[in-house]
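Below, each chain spelled out in residue letters.
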Amino acid sequence: MPDHAPTLVTASASATATAPVPALAARAARTGSSPVRDILALTARPEVISFAGGLPAPELFDAEGISAAFRDVLAEAPRQALQYSTSEGDPALRAAVAARTTARGLPTGPDDLLVTTGSQQGLTLLATTLLEPGDVVLVEDPCYLAALQIFSLAGARVVAVPTDDEGLDPAALDEIAAREKPKLLYVIPTFQNPTGRTLSAERRAAVAEVAARRGLWIAEDDPYGELRFEGEPQRWLASFPGAEDRTVLLGSFSKVMAPGLRLGTLRAPAALRRACVIAKQAADLHTSTVDQAAAARYLADADLDAHLARVRDAYRERRDALLAGLPGALPEGSRWNRPAGGMFVWATLPAGYDATALLPEAVRHDVAYVPGAPFFAGRPDPASMRLSFVTHGPAEITEGLRRLRTALGAAVGREAA
Ligand SMILES: Cc1ncc(COP(=O)(O)O)c(C=O)c1O
């Protein structure tokens, strides 16, 4: 027997003996997916009329215009369009977004902007560059779910700030900021997800003043602001006195062009923006070169504002169909708002109803919504629900509400029996 034989046997024996792999990082283990996800997975069936999804209406995408933009950049400059590029983003795209931002009242140069892979990445970059584990982040209650996930992954302590029908309450914000010493306030001031609420100019001014006095950063997330159906546009929080030097404005192409492009922008004061560029290099080097080039080309060649006008008209009609049908669909004593834009209506069933418990019955009747409870960082309101009005046309919305009425009636009847 050669000398090394026993060693080989030992080696192969030890290779088959298994030890458990180490556990997930605590931040991954504690950040679960939403408990209603499994139920909502059932709503992919074509017969379901869904008020659940936060998806823009696909039939309204300007597929032709976007295809032409891709075709042109690939035909004319394939070597650049398919190559690696800079982390800051396509200069033509940044210039176009800067011009649009300036035109809407917030003076912005191309170098003030970083192109991100969706505004979701902008939020992740902010969490990476600003938050130590244990840092406090203030959020509206209820709040966009995936932002809560990002803050949880960063190990931040999320503290809920109360809201009313007009959004974040600045007096409560002041009190909580004094007590909790937060680093960051995350806010969606216009057509908020999930509530559809919009902060008034007075509240924006008050929020900016509190942030300046208490010394916090503001993340102003604005994916829905251009989907306004009526009324005057509100100024960005970033332009209010006190907020200018401490607000990070997150923009997105998802709701105005198409979410599959995965394009967003981050506008931030220079030092923070530079830190975000480094965090982005580490995350993905840069956002897709060809997607950025095509978006820039689209902005140069197509008429985004005309496209947006079509989307707004369709969404307004769908919102109106939902609002017209809700009184007949929800039990007496329910309340809901009338958003002036965006994608969502926030409804609250009478006390004692539990929207999460009622969802399976709704899905059995081929209609769906998102229960409101998971959106709360503080005490959830079990009777609340988010209704998206953009996925279906008015006739389907009316039929969906008929099913919802039957489903809620059936669930309540079953309980009474
Ligand atoms: C409030 C809010 N922020 C950010 C996002 C993410 O958008 P994006 O597609 O730009 O990553 C969404 C998506 O629905 C959202 O509702």
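Above: the structure in question.
Residues numbered from 1 in each chain as written. Predicted model: local features only at pLDDT ≥ 70, side-chain atom pairs only at ≥ 80, totals over all residues. Heavy atoms only, no water.

Student: Help me understand the environment of P339, please; the structure alone is not making it clear to me.
Tutor: Position of P339 among the secondary structure elements: in the loop between β11 (335-336) and β12 (344-348). Spatially, the C-alpha atom of P339 lies 6.8 Å from that of F191, the residues being 148 residues apart in sequence. Once residues within four sequence positions are removed from consideration, P339 is found in contact with G196, R319, F344, V345 and F389. (Helix = DSSP H or I, 4+ residues; strand = E, 2+ residues; numbered from the N terminus. Contact = heavy atoms within 4.5 Å.)

Student: Quick question: what am I supposed to make of the pairing of strand β15 (residues 384-388) here?
Tutor: Here is the key point about a regular strand: its side chains alternate between the two faces of the sheet. Summarising burial for β15: 5 of the 5 residues are buried, a large majority. Of the pairings in the sheet, the one linking β12 to β15 comprises 5 bridges and is antiparallel in character. Of the residues in β15, the one forming a bridge with T348 is S384. (Buried < 20%, exposed > 50% of the residue type's maximum accessible area, 1.4 Å probe, protein only. Pairing = 2+ DSSP bridges.)

Student: For this particular structure, what's the right way to read the sheet that holds strand β14 (residues 370-371)?
Tutor: Within a sheet, neighbouring strands are paired by backbone hydrogen bonds and run either parallel or antiparallel to one another. Here 4 strands make up an open sheet; going across it, the order is β11-β12-β15-β14 and the pairing antiparallel. Across the chains shown, the open sheet's two edge strands, defined by having one partner strand only, are β11 and β14. Sheet analysis places β11 next to β12, joined by 2 bridges and oriented antiparallel. The residue of β12 that forms the bridge with W336 is A347.

Student: Even after reading the chapter, I still don't get helix α12 (residues 289-301), so can you show me in this structure?
Tutor: Side chains of residues three or four places apart in an α-helix project in the same direction, reflecting 3.6 residues per turn. Here α12 contains 13 residues, and its C-alpha end-to-end distance of 18 Å stays within 8% of the 18 Å for a straight helix at 1.5 Å per residue. Across the 13 residues of α12, 10 count as buried, placing the element largely inside the fold. Along α12, the residues that are buried comprise T289, V290, D291, Q292, A293, A294, A295, A296, Y298 and L299. Among the structural elements, α4 (63-76), α5 (78-81), α6 (91-103), β2 (113-116) and α13 (304-329) are those in contact with the buried residues of α12. (Expected span 1.5 Å × (residues − 1).)

Student: Help me out: how do you make sense of α6 in this one?
Tutor: Between its first and last C-alpha atoms α6 spans 18 Å; for 13 residues at 1.5 Å apiece the expected length is 18 Å, and the two agree. In this structure, the buried side of α6 is in contact with β2, β10 (264-267) and α12. One side-chain oxygen at the N-terminal end of α6 lies 2.8 Å from the backbone nitrogen of A92; it belongs to D90. Following α6 by one or two positions, G105 adopts a phi angle in the positive range, close to 100 degrees. (Polar contact = N/O pair within 3.5 Å; in protein donor to acceptor, adjacent residues only side chain to side chain.)

Student: Explain the pattern of salt bridges here, please?
Tutor: Where charged atoms from two side chains of opposite charge approach closely, those side chains can pair. Considering all chains together, one arrives at 28 salt bridges under this definition. Among the salt bridges present, the one from D222 reaches R104, with a minimum N-O distance of 4.0 Å. Here R104 lies in the loop between α6 and β2 and D222 lies in the loop between β8 (217-221) and β9 (247-252), a separation of 118 residues in the sequence. Given the relative accessible area of 10%, D222 is considered buried. Across the pair D174 and R213 runs a salt bridge whose closest N-O atoms are separated by 3.2 Å. You can see D174 sitting in helix α9 (residues 170-180) and its partner R213 sitting in helix α10 (residues 201-214), a full 39 residues away along the chain. (Salt bridge = Lys/Arg side-chain N within 4 Å of Asp/Glu carboxyl O.)

Student: Please clarify how the site of the ligand should be interpreted in this entry.
Tutor: Not every one of the 14 residues close to the ligand is listed here, only the nearest: S119, D221, Y224, S252 and S254. Note that an oxygen atom of the ligand is positioned 2.8 Å from one of the backbone N or O atoms of S119. One of the side-chain nitrogen or oxygen atoms of R262 is found 2.8 Å away from an oxygen atom of the ligand. The protein chains hide 91% of the 400 Å² of surface that the ligand would expose on its own. Here the shell around the ligand gets 3 residues from one element, more than from any other, and that element is helix α7 (residues 118-130). Here the shell around the ligand is composed, by residue class, of 5 nonpolar, 6 polar and 3 charged. (Near = heavy atom within 4 Å. Areas by Shrake-Rupley, 256 points an atom, 1.4 Å probe, with all protein chains shown as cover. Nonpolar A, V, L, I, M, F, W, Y, C, P; charged D, E, K, R; others polar.)

Student: How should I be thinking about the nonpolar core in this particular structure?
Tutor: What tends to happen in soluble globular proteins is that the nonpolar side chains get buried as a cluster. By size, the foremost hydrophobic cluster in this structure holds 70 residues, and its most contacted members are M257, Y315, L322, Y369 and L387. At 9 residues, α13 tops the list of elements feeding residues into this core. Discounting residues that sit within four places of it in the chain, L387 has contacts with F51, L322, L326, M343, F344, V345, A347 and Y369. Ranked by size, the runner-up nonpolar core spans 28 residues in total, among them Y186, L250, A268 and C276. (Core = buried A, V, L, I, M, F, W, Y, C linked by side-chain atoms within 4.5 Å.)

Student: Which parts of the structure should I look at to understand unusual backbone geometry?
Tutor: Glycine aside, residues mostly have negative phi angles, and peptide bonds mostly take the trans form. Following D141, the chain continues to P142 via a peptide bond in cis, the omega torsion being 5 degrees. As for its placement among the helices and strands, P142 is situated in the loop between β3 (136-140) and α8 (145-153). Residue N193 is joined to P194 through a cis peptide bond whose omega torsion reads 20 degrees. Take P194: it is sitting in the loop between β7 (184-187) and α10. Its identity is not glycine, yet R262 carries a phi of approximately 55 degrees, on the positive side.

Any functional reading would require information beyond the geometric quantities listed.
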